[in-house]
Amino acid sequence: MTNLFTSYRLGCLTLPNRLVMAPMTRVRAAAGGLATPSMAAYYAQRATAGLIVSEGVQPSAIGQSNPGTPGLHTDEQTAAWRPVTDAVHASGGRIFAQLMHGGRVSHPDTIGTLPVGPSAVAAVGEVFTPTGPQPAPTPRALETAEIPEHARSYGDAARRAVDAGFDGVELHGANGYLISQFLSSNANLRTDGYGGSVVNRIRFAVEAVAATVEAVGADRTGIRLSPGATFWGVREDDVPELYAALLTELAALSPAYVHLEATADEEVLTALRRAWPGTLIMNPVLPMGPKQTGRDDADHWLALGADLISFGRGFIANPDLVERLRVGLPLAPVDEATYYQGGDAGYLTYSSHQYAA
């Protein structure tokens, strides 16, 4: 009988359980977007997860969203990740890098130039900058001829990720960042082949996945999506049609998985499960706050056809989340004040329970 603790074959990997550590921004990178020894320790502590998906990693300099995030577009960044992946593998784990191009969700103070997006429409809200939160700027609309290079940037970064020892990559197609902006009805006002119709609005996502599959292979490529979500002010007016069309195109590329956030009605999400022929990771999104995804949430989505379940906050505060859920121990609470403050407090300071031999 399938449960959270049965093994699963994902591409070339055998996962010992069906728990996935979800990607979570922690802004602990060093200057120049370099991974650090603390990051190696953080991910290694959580290596009992069936699969770890890293924090968002910018695939290009202009793709950086927040200060303090790591990259995979320079030789120095690639080298800095190797101790991280080595530590995870030495602890028995598996890790994918999440490739995250922020698009319009950035600021000139962070990247040194105006952010880019599908259209000159600002995100809603304040973005993080080196001097604190500032209103999101109006991005520069990409010229049609520029768009393919941004799609290819995911593939270029994926090559670096594999060179750095990652087992694969996940494209961040969710939460209002660049791929999500192209999917959007209101962030994407283009009238060329990348805007307007559903077929055109999914084009960038498909090209980004295709470039990544070409670079590192389908078995090493996944994508995360948030159907109907409104992060950073994006809107999607036609969620069932949009995502059914996207999954149809992605199926032809045979990526290792699709990672869905539960940001739409359950009826919509279960229809997408039926439409997707491959591996589905489900993230049972909960409102912001201290409550963490638990065993009941995971079992619910497994019963609805998900193959793997991703946990975010649970893994922050519980490096041993797999065993805590297995034996039914309560989960430690998360200190939200330490999410983005930097340093090791609230990062490496959560302890694991001592389990009997």
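About the cut-offs
- Residues numbered from 1 in each chain as written.
- Predicted model: local features only at pLDDT ≥ 70, side-chain atom pairs only at ≥ 80, totals over all residues.
- Heavy atoms only, no water.
- Helix = DSSP H or I, 4+ residues; strand = E, 2+ residues; numbered from the N terminus.
- Expected span 1.5 Å × (residues − 1).
- Buried < 20%, exposed > 50% of the residue type's maximum accessible area, 1.4 Å probe, protein only.
- Phe/Tyr/Trp six-rings, centres within 6.5 Å; stacked < 30°, edge-to-face > 60°.
- Contact = heavy atoms within 4.5 Å.
- Pairing = 2+ DSSP bridges.
- Axes fitted to C-alpha atoms, helices over the stretch in contact; angles between N-to-C directions.
- Salt bridge = Lys/Arg side-chain N within 4 Å of Asp/Glu carboxyl O.

Q: So what's going on with helix H7 (residues 203-216)? Which residues, and what values?
A: With 14 residues, H7 extends 20 Å between its outermost C-alpha atoms, agreeing within 8% with the 20 Å of an ideal straight helix rising 1.5 Å per residue. Listed in full, the buried residues belonging to H7 are Phe204, Ala205, Val206, Ala208, Val209, Ala211, Thr212, Val213 and Val216. Gly217 occupies a position one or two residues after H7 and carries a positive phi of about 100°.

Q: Mind laying out the packing of aromatic side chains, listing which residues take part and the relevant values?
A: According to the stated counting rule, one finds ten aromatic pairs in the structure shown. An aromatic cluster is defined as three or more aromatic residues linked by ring pairs; in this entry it consists of Tyr154, Phe182, Tyr194 and Phe204.

Q: Run through the environment of Leu250, naming residues and quoting values.
A: Tracing the backbone shows Leu250 in helix H8 (residues 239-251). Assessed through its relative accessible area of 0%, Leu250 is described here as buried. C-alpha of Leu250 to C-alpha of Gln181: the two residues are 69 residues apart in sequence and 18 Å apart in space. Ignoring sequence-local partners within four residues, the contact set of Leu250 consists of Val206, Val209, Ile223, Pro255 and Trp276.

Q: How would you explain the pairing of strand S11 (residues 221-225) if you had to name every residue and give the values?
A: On any regular strand, side chains alternate: one points to one face of the sheet, the next to the other face. Burial runs high along S11: five of the five residues are buried. Residues Thr221, Ile223 and Leu225 of S11 are buried on one face, and the alternating residues Gly222 and Arg224, pointing to the opposite face, are buried as well. One ladder, built from four bridges, connects S11 with strand S12 (residues 257-261); its direction is parallel. Looking at the pairing, Arg224 lines up with His259 of S12.

Q: I'd like a description of the sheet that holds strand S13 (residues 279-283), backed by residues and values.
A: The sheet built from eight strands closes into a barrel, its strands ordered S3-S4-S5-S10-S11-S12-S13-S14 with parallel pairing. Going from strand to strand, the sheet's axes swing by 25° on average, the running direction of each strand aside. Pairing analysis gives four bridges linking strand S4 (residues 51-57) to strand S5 (residues 95-99), with the strands arranged parallel. Of the residues in S5, the one forming a bridge with Val57 is Leu99.

Q: Residue-level account of the pattern of salt bridges, with values.
A: Enumeration over the complete set of coordinates arrives at twelve salt bridges. Linking Asp163 and Arg82 is a salt bridge whose minimum nitrogen-to-oxygen distance equals 2.8 Å. Of this pair, Asp163 sits in helix H4 (residues 147-163) while Arg82 sits in helix H2 (residues 75-90), and the two are 81 residues apart along the sequence. By relative accessible area, Asp163 is classed as partly exposed at 48%.

Geometry only, nothing functional implied.
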